[in-house]
Amino acid sequence: MKSTVFFLTNIVLFVAVSWLLGDDMAEKRKFNGPYNGEYLNRVAFPIGGIGAGMICLEGTGAVSHVSVRNEPNVDKEPLTFAAICIKGKDKNTAKVLEGPVPEWKYFGKPRSGNGLEGSSFGLPRFEKAEFQARFPFADIKLEDPEVNLGVQITGWSPFIPGDADNSGLPAGALEYHFKNTSSETCEAVFSFHSQNFMRISLPDVWEKSFKPGYFVKPIHQGFLLWQDGEPEHPEDEGGFVFATDEENVKVNHYWFRGGSYDALTMAWKSVEKGEIFENPPVDETVAGASFYVPFTLAPNEEKTIKVMLCWYVPHTTLRRGNFIDPPVTPESKTCCASTHVPYYAAKFKNIYELSDYWRNNYNKLHQESKLFSKAFYSSTLAPEVMEAIAANLTILKSPTVLRQADGRLWAWEGCHNQKGCCPGSCTHVWNYAQAIPHLFPSLERTLRETEFYISQNEQGHQQFRSGLPIDYIKHTYHAASDGQLGGIMKVYREWRISGDTNWLEKIWPPMQKSMQYCIETWDPDHKGIVEEPHHNTYDIEFWGPDGMCTSFYLGALTAIIEMGGTLNKDISLYTSLLEKGKKYMETGLYNGEYFIQQIKWKELKATAPSDKNQEWKRGYSPEALEILEKEGPKYQYGNGCLSDGVLGLWIARVCGLDQEILDKTKVQSHLTSIHKYNLVKDLFDHANPQRPSYALGHEGGLLLCTWPEKDEPSLPFIYSNEVWTGIEYQVASHLMFEGYVKEGLEIVRTCRSRYDGRVRNPFDEYECGHWYARAMSSYGMLQALTGIRYDAVDKTLYINSQIGDDFTVFLATASAFGTAGLKNGQPFVQLYKGELDIEKCFVSGKEKPVSVSRL
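Residues numbered from 1 in each chain as written. Predicted model: local features only at pLDDT ≥ 70, side-chain atom pairs only at ≥ 80, totals over all residues. Heavy atoms only, no water.

Asker: Even after reading the chapter, I still don't get the overall build of the protein, so can you show me in this structure?
Answerer: When helices and strands are counted, the protein shows 21 helices and 35 strands. For 855 residues, the compact-globule formula gives about 29 Å, and the C-alpha radius of gyration of the protein, at 28 Å, lands near that figure. With the C-alpha coordinates of the protein rotated into their principal frame, the extents come out at 95 × 85 × 65 Å. Considering the protein as a whole, with its 855 residues, one finds that 60% of them fall into the buried category. Taking the contacts inside the protein whose residues are at least 6 apart along the sequence as the reference set, 70% of them involve residues at least 24 apart. Working note: accessible area of the protein is about 32600 Å², and carbon and sulfur atoms make up 51% of it. Here the protein carries 86 positive and 107 negative side-chain charges, and the mean point of each set is 2 Å from the other. (Helix = DSSP H or I, 4+ residues; strand = E, 2+ residues; numbered from the N terminus. Rg over C-alpha atoms; globule rule 2.2 N^0.38 Å. Buried < 20%, exposed > 50% of the residue type's maximum accessible area, 1.4 Å probe, protein only. Contact = heavy atoms within 4.5 Å. Areas by Shrake-Rupley, 256 points an atom, 1.4 Å probe, with all protein chains shown as cover. Lys, Arg positive; Asp, Glu negative; His and termini not counted. Charge placed at Lys NZ, Arg CZ, Asp CG, Glu CD.)

Right, dumping it as structure tokens:
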């Protein structure tokens, strides 16, 4: 009896403790593993091309976020679905090839109050789904007790490092794989159905009120959803293809024509019956179209049916920037159109040419994309690191990135639901993004060329937001100190990655002019510090020297000294400023634990921030003027522990500047202070009057700034109480560079735990918009953990491991990609694609022979 009571008591205690601890006792999803159950709620995986738009494959198998008109359309989830009918002796089994509809959609989507008519949510579907990402591929397993087929969906689009054109195709695929797991022959009909979602204005009820100009046109082994464009509105034109390579495909080019819910009702009845409708195109507006593929599988036999999709929208209304008119020179006009023209529209004449190219090269592009995926996932790094890097590579598939007709890259910072957010390849945000320079270095160099040739004036002032289409713009706003100085370090990075010293010689004059502007504007007294009011990534100006922007200054000086030395230029001024700046920062800007800001304003050359007639005016009310007199300008950080406090040194490291720019122990102390003070595991009691949804409640995150000495300014810099994933990864990888791997991984785990699929999309780390570019700082962890970097100038491979003598990691260079690492301390490289000329290899500073093989 006593033992029974003891047992029951323990059970009660266990339940009580489990209830109190909540998620801490629950079974958590493993990093880099599959998503299922509640973790599928928000999964939406981008499929598309760099600068070409996207669709998303959801964790259940649904298609959503259809953004193919050169702008985001995050809310667009059209009536598009695949289905299977398995014929039986007594009755057929018909299912939409998707898992259960996430419950948040029942009441959380537009039109949910009217029952979500026009969706497929009410149709039978599979009971279970499991999603696994292996970028650029995503696999979904579907299970249902009524279906004697093993079913898997694979969504993908081309992604091949070094091949920007094919990686930028406005195309993708959904592959439906079936295996007969029964002992009897299976007779089935696969079908794919879509409304014409290319129409511009969707009426409230999709079956009614169709406007002229929306057609379903024929295309080889599929159908083309088409929208005619009028001469005065050519941007309305556009097409989307769904096709297959199955020879026995039958196409119904128009759904049942009627009112109310007739079209979907009749389309589903045909699925249930296993019927195959084949109707030719009609020259009138129709609701949608379908195609059907009948097939038979013997026991254990397998079959894959490809749904190849692509889109073509050659005209836009996109134009951003205060352009100089007339242009400076006739040749400054970069393309014939006054609005953005996507790169693929210059490469392909029409949707038919594009579709043929996609079909004819499908297998080759699939194979090469698989090579990349295999190489990337051969890395033996921590699963949370692999997940974080791969998840943010999807930013390159999102509408955040555009590529104009002449091939140059242009980007937003992120995406609002219906339009891009914060235009112009913003230099201080794109500072953080480390994926493109390694994976597609030729594209990254176009950003530098825009910054120094187009967005910079004769005085060396850079507009940190470039125009679209890329052209000369008026210089009417502050330069961004972190963005402009970061660009100099990135020129160094692009030079070392490409090995192209001729490119460096060409860009040197405007880069030197940019450096001179930075010196005379922010360091006119040549103290080696950024002191005068300087704009930065927090959308404000810091007054007085600070660790963050001065670290950018020191990094840029280091870079230009290295580049100038190679080109035999006079670098004496830069050397003098660097020495002064190092001394000042290590003494005047270090408080014994971390680097800080000295708030100054009366001592500076800039006019007072309260002067209503000067450019720094920030809307000082009478009460704000009181704070100004006591504390100085609004929006500073003073003695705060800033997560970006030595950001410039991290930029220097990921750009290949391995010199010890500042005292190592002080830098390490700053980084460990960030981990100590700014990493919060539970934000429930954290006050954030700014933008809280990036991390809140019982979630954890790395705060942008804290004030351990309780001396926070009354109005600290805006965003200071927020959590940004791009900064989390920046700090994490900087800690890793310095040997603090455990602390870095803790930040990564805290971040990715928020993006586990339950509340947020794991493939959409947002800040000021979805798919925010700053999150590509995560790519820097490859280099931080392993120290692997290939220098194409010196043809040298560097390895400086923080994770031991046995590891494998993905390596991408300008000419090749594959894997590299150490085996029992000996370096190796295995090439998957391309060629790599390695003359020397240094492991932790010691030269060693390297083994180079090919897959």
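Asker: It is not clear to me how helix α17 (residues 647–654) should be interpreted in this structure. Could you clarify?
Answerer: Because an α-helix completes one turn every 3.6 residues, residues spaced three or four positions apart along the sequence face the same direction. For α17, the buried fraction is high: 8 of the 8 residues fall into the buried class. For α17, the set of buried residues is Leu647, Gly648, Leu649, Trp650, Ile651, Ala652, Arg653 and Val654. The inward-facing, buried residues of α17 contact α10 (436–439), α12 (481–498), α14 (547–566), α18 (664–678), α19 (725–737) and α21 (780–786). Of the residues one or two after α17, Gly656 is the one with positive phi, at around 95°.

Asker: Got a minute to help me understand the packing of helix α13 (residues 501–522) against α14 in this structure?
Answerer: Axis angle and axis distance: for two packed helices, these are the angle between their axes and the distance between the axes, and together they describe the pair. As a packed pair, α13 and α14 sit with axes 11 Å apart at the nearest point and diverge in direction by 145°. Seen from above, α13 lies across α14 with left-handed handedness. Residues Leu504, Trp508, Met511, Gln512, Met515 and Ile519 of α13 pack against Tyr553, Ala556, Leu557, Ile560, Met563 and Gly564 of α14. (Axes fitted to C-alpha atoms, helices over the stretch in contact; angles between N-to-C directions. Left-handed = near helix turned anticlockwise from the far one by under 90°.)

Asker: Explain the packing of α19 against helix α20 (residues 741–754) to me, please; I cannot follow it from the model alone.
Answerer: Running from N to C, α19 and α20 point in directions that differ by 160°, and their axes come no closer than 7 Å. Judged on the interaxial angle alone, α20 and α19 are roughly antiparallel. As α19 runs across α20, the sense of the crossing is left-handed. Taken together, the residues of α20 that come into contact with α19 (itself represented by Thr725, Glu728, Tyr729, Val731, Ala732, Leu735 and Met736) are Val741, Glu743, Gly744, Leu745, Ile747, Val748, Cys751, Arg752 and Arg754. In the contact of α19 with α20, the residues fall into 10 nonpolar, 2 polar and 4 charged. (Parallel < 35°, antiparallel > 145°, perpendicular 65-115°, else oblique. Nonpolar A, V, L, I, M, F, W, Y, C, P; charged D, E, K, R; others polar.)

Asker: How should the sheet that holds strand β28 (residues 789–791) be read in this particular structure?
Answerer: Strand order in the open sheet formed by 4 strands is β28-β29-β33-β34, with mixed pairing between adjacent strands. The open sheet terminates on both sides in strands that have one partner only, identified here as β28 and β34 (846–847). Two strands pair when backbone bridges link them, and strand β29 (residues 796–799) and strand β33 (residues 840–843) are joined in this way by 4 bridges, in the parallel orientation. In the strand pairing of β33, Tyr798 is matched with Phe842. (Pairing = 2+ DSSP bridges.)

Asker: What is the right way to read the nonpolar core from this model?
Answerer: When a protein is soluble and globular, its nonpolar side chains tend to lie buried together. Formed by 235 residues in total, the largest nonpolar core has its most connected members in Phe178, Phe190, Met515 and Tyr538. Contacts of Met515, omitting those with residues within four sequence positions, involve Leu485, Ile488, Tyr553, Ala556, Leu557, Ile560 and Tyr574. Among the nonpolar cores identified, the runner-up in size contains 12 residues, and Leu79, Phe81, Ala94 and Val96 belong to it. (Core = buried A, V, L, I, M, F, W, Y, C linked by side-chain atoms within 4.5 Å.)

Asker: Mind showing me how you'd approach the packing of aromatic side chains here?
Answerer: Given two aromatic rings, one states the distance between the centres and the angle between the planes to describe the pair. The full count for this structure, using the stated rule, is 50 aromatic pairs. Residues Phe131 and Phe763 carry aromatic rings whose centres are separated by 5.8 Å and whose planes lie at 55° to one another, so their mutual orientation is tilted. Highlighted residues: Phe131 in strand β7 (residues 128–134) and Phe763 in the loop between α20 and α21, separated in sequence by 632 residues. Between Trp156 and Trp358, the aromatic rings sit 5.5 Å apart at their centres with planes inclined by 55°, giving tilted as the arrangement. Within this pair, whereas Trp156 is found in strand β9 (residues 149–156), its partner Trp358 is found in helix α6 (residues 351–360), the two being separated by 202 residues in sequence. Overall, Trp358 belongs to the buried group, its relative accessible area being 1%. Feature note: the residues Tyr35, Phe45, Phe131, Phe135, Phe159, Phe372, Phe376, Tyr377, Phe440, Phe763, Phe810 and Phe817 constitute an aromatic cluster, connected by ring pairs. (Phe/Tyr/Trp six-rings, centres within 6.5 Å; stacked < 30°, edge-to-face > 60°.)

Asker: How should the sheet that holds strand β31 (residues 816–823) be read in this particular structure?
Answerer: Sheets are built from strands paired through backbone hydrogen bonds, the pairs being either parallel or antiparallel. One open sheet holds the 4 strands; their spatial order is β30-β31-β32-β35, and the pairing between them is mixed. Among the strands making up the open sheet, the edge pair consists of β30 (807–812) and β35 (851–854). Pairwise comparison of adjacent strand axes, ignoring direction, gives a mean angle of 25° for this sheet. In the sheet, strand β32 (residues 826–834) pairs with β35 via 4 bridges, with the strands oriented parallel. Among the inter-strand pairings, Gln830 is bridged to a residue of β35, identified as Ser853. Contacts from helix α7 (residues 362–376) reach β30, β31 and β32 within the one sheet, and its direction differs from that of β31 by about 20°.

Asker: What am I meant to see in the pairing of β33 here?
Answerer: Regular strands have side chains that alternate between both faces of the sheet. Burial along β33 is one-sided: Cys841 and Val843 are buried, and none of Lys840 and Phe842, which face the opposite way, are. Sheet topology places β33 next to β34; 2 bridges connect them, and they run antiparallel. Its bridge partner lying in β34, Phe842 is registered against Glu847. The turn linking β33 back onto β34 is made up of 2 residues, and Ser844 within it adopts a positive phi angle of 50°.

Asker: Looking at this model, I keep getting lost on the pairing of β32. Mind explaining?
Answerer: As paired strands, β31 and β32 are joined by 8 bridges and run antiparallel to one another. Within the sheet, the bridge partner assigned to Lys823 lies in β32 and is Gln826. Here β31 hands over to β32 after 2 residues, with Asn824 in that stretch at a positive phi of 50°.

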